[in-house]
Amino acid sequence: MLYLYAFARGLGSLPRATGLKERPPELVAVGSLDAVVSRHDRLEQEVAADALVAHAEVVDALMAETDEFVPVRFGTVFEDETSLQNAAAGNEQALEQVLRKVRGRVEFGLHVVRRPGAPVPAPERSGRERLLGKLEQLRAAEDAAELDEPLVRLAVESRRRLLRTPRLLLSAAYLVERPRASEFAERLRELVESRPERLEVLATGPWPPYSFAELEDDLRAA
Amino acid sequence: MPRDDHVLASSTPRLDLFAEELGQAATPFPRRIEADPERLEKGLAQLVLTLVELLRELMERQALRRIDDGTLTDEEIDRLGETFMLLEQRMAELKDVFGLTDEELNMNLGPLGNLL
């Protein structure tokens, strides 16, 4: 079986990382791209922490080698080379499109949660209180979303999701040109410093542009 | 789940606060409508309940907007609150009957993001 980490182009050398289950990453040419894969006799379905880390290490190493690659989400497996080739061929255009979008760009993340102790609406109350509780949450999330307006303007593209859980007011991902990455990181640090008291803010990155390289569904369907 | 070496800045040393919420929000697998003919009934229920859930969410958002604008009377807010709560309970019962989870009612619309 082939475990897929990413597609890349013009890769001089292989990513220097251990690989899933310590199987070294290798390249398989698919059309005008290289697939970065490791070979396995069998793979479990379960998501194990060390497997996630191994995946991330390979893709991080790739990010250090090239700025022309499409990271693939954890857990994309092919029966053999033929099924990988078929999937890649069937998604050639989509892959090119994603590559054009993420080339030379990195991702940053921002998460805003309510501080512990801040009230979160309890589910079992009167309908009226429940509705008003939701309204309060929505307002808090919209306030949180305003925090990152300056970041959205600096980014090439951004994704924001409000209230993924009652406490997680905002989750955002930003696609940023590599030359602007340090400026962007600086803005994120400022935002974390100046956040409103009732909120906690986590800034992450630079990441491989996972959130902007959505292909997984198509690859599996092919 | 952010690995420590990717943390750029945090307003608190307690990263577990974020990890917990992100863990709950994680949706690692793509959501699709079940199209297996042997499980047609569940697939249909999934489709119908997804649409009902979408409408419920939209109506609730609309109600929240109107409360926010101050265009609803107290009595109307009471009544709407009651209605939405009953609707949510009924949906929970239906989801139970068909063995569907919230995740299964939240379709991935590709570039448009998630439905709910």
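Conventions we followed
- Residues numbered from 1 in each chain as written.
- Chains lettered and ligands numbered in written order.
- Predicted model: local features only at pLDDT ≥ 70, side-chain atom pairs only at ≥ 80, totals over all residues.
- Heavy atoms only, no water.
- Phe/Tyr/Trp six-rings, centres within 6.5 Å; stacked < 30°, edge-to-face > 60°.
- Helix = DSSP H or I, 4+ residues; strand = E, 2+ residues; numbered from the N terminus.
- Buried < 20%, exposed > 50% of the residue type's maximum accessible area, 1.4 Å probe, protein only.
- Axes fitted to C-alpha atoms, helices over the stretch in contact; angles between N-to-C directions.
- Parallel < 35°, antiparallel > 145°, perpendicular 65-115°, else oblique.
- Left-handed = near helix turned anticlockwise from the far one by under 90°.
- Contact = heavy atoms within 4.5 Å.
- Nonpolar A, V, L, I, M, F, W, Y, C, P; charged D, E, K, R; others polar.
- Salt bridge = Lys/Arg side-chain N within 4 Å of Asp/Glu carboxyl O.
- Expected span 1.5 Å × (residues − 1).
- Pairing = 2+ DSSP bridges.

(A) Just the packing of aromatic side chains, in detail. Residues and elements named next belong to chain A. Taken as a whole and judged by the stated rule, the model has four aromatic pairs over all chains. Between Tyr3 and Phe74 the ring centres are 6.2 Å apart and the planes differ by 55°, which places this aromatic pair in the tilted class. Of this pair, Tyr3 sits in strand S1 (residues 2-8) while Phe74 is found in strand S4 (residues 69-78), placing the two residues 71 residues apart along the sequence. Using a relative accessible area of 2% as the deciding quantity, one classes Tyr3 as buried.

(B) Region of the structure containing the packing of helix H2 (residues 40-69) of chain B against helix H3 (residues 74-98) of chain B. Residue and element names in this part refer to chain B. H3 packs onto H2 with a crossing angle of 165° between their chain directions and a minimal axis gap of 11 Å. Taken as axis vectors, H2 and H3 run roughly antiparallel relative to one another. Considering the relative orientation of H2 and H3, their crossing is left-handed. Every residue of H3 that contacts H2 at Glu41, Lys42, Ala45, Leu49, Val52, Glu53, Arg56, Met59, Glu60, Ala63 and Ile67 is listed here: Ile77, Leu80, Phe84, Leu87, Glu88, Met91, Leu94, Lys95 and Phe98. Class assignment of the residues belonging to the contact of H2 with H3 gives a composition of 13 nonpolar, no polar and seven charged.

(C) Region of the structure containing the pattern of salt bridges. Considering all chains together, one arrives at 31 salt bridges over all chains under this definition. For A:Glu177, the salt bridge identified is with A:Arg105, shortest N-O distance 2.9 Å. Residue A:Glu177 is located in strand S7 (residues 168-177), and its partner A:Arg105 is located in strand S5 (residues 105-114); the two are separated by 72 residues in the primary sequence. We classify A:Arg105 as buried; its relative accessible area is 18%. One network of salt bridges, with partners in common, ties together A:Arg130, A:Lys134, B:Glu53, B:Arg56, B:Glu57, B:Glu60 and B:Glu88.

(D) Here's a closer look at helix H1 (residues 49-65) of chain A. All names here are of chain A. With 17 residues, H1 should reach 24 Å at 1.5 Å per residue; the first-to-last C-alpha distance of 25 Å fits that figure. Looking at H1, one finds that the buried residues are Ala51, Ala54, His55, Ala56, Val58, Val59, Asp60, Ala61, Leu62 and Met63. Where H1 is buried, its residues touch S1, strand S3 (33-39), S4, S5 and strand S8 (199-207).

(E) Summary view of the sheet that holds S1(A). Residues and elements named next belong to chain A. Pairing is antiparallel across the open sheet formed by four strands, whose spatial order is S2-S3-S1-S4. The open sheet is flanked by strand S2 (26-30) and S4, the only strands paired with a single partner. The average angle at which neighbouring strand axes cross in this sheet is 25°, direction not considered. Here S1 pairs with S4 via six bridges, running antiparallel. Across the sheet, the residue bridging to Phe7 is Val70, located in S4. Most of the contacts of H1 go to S4, to which it runs at about 155°, and overall it touches S1, S3 and S4. Against the sheet, helix H3 (residues 92-102) makes contact with S1, S3 and S4, and its axis sits at roughly 135° relative to S4, the strand it touches most.

That's the geometry; what it means functionally is another story.
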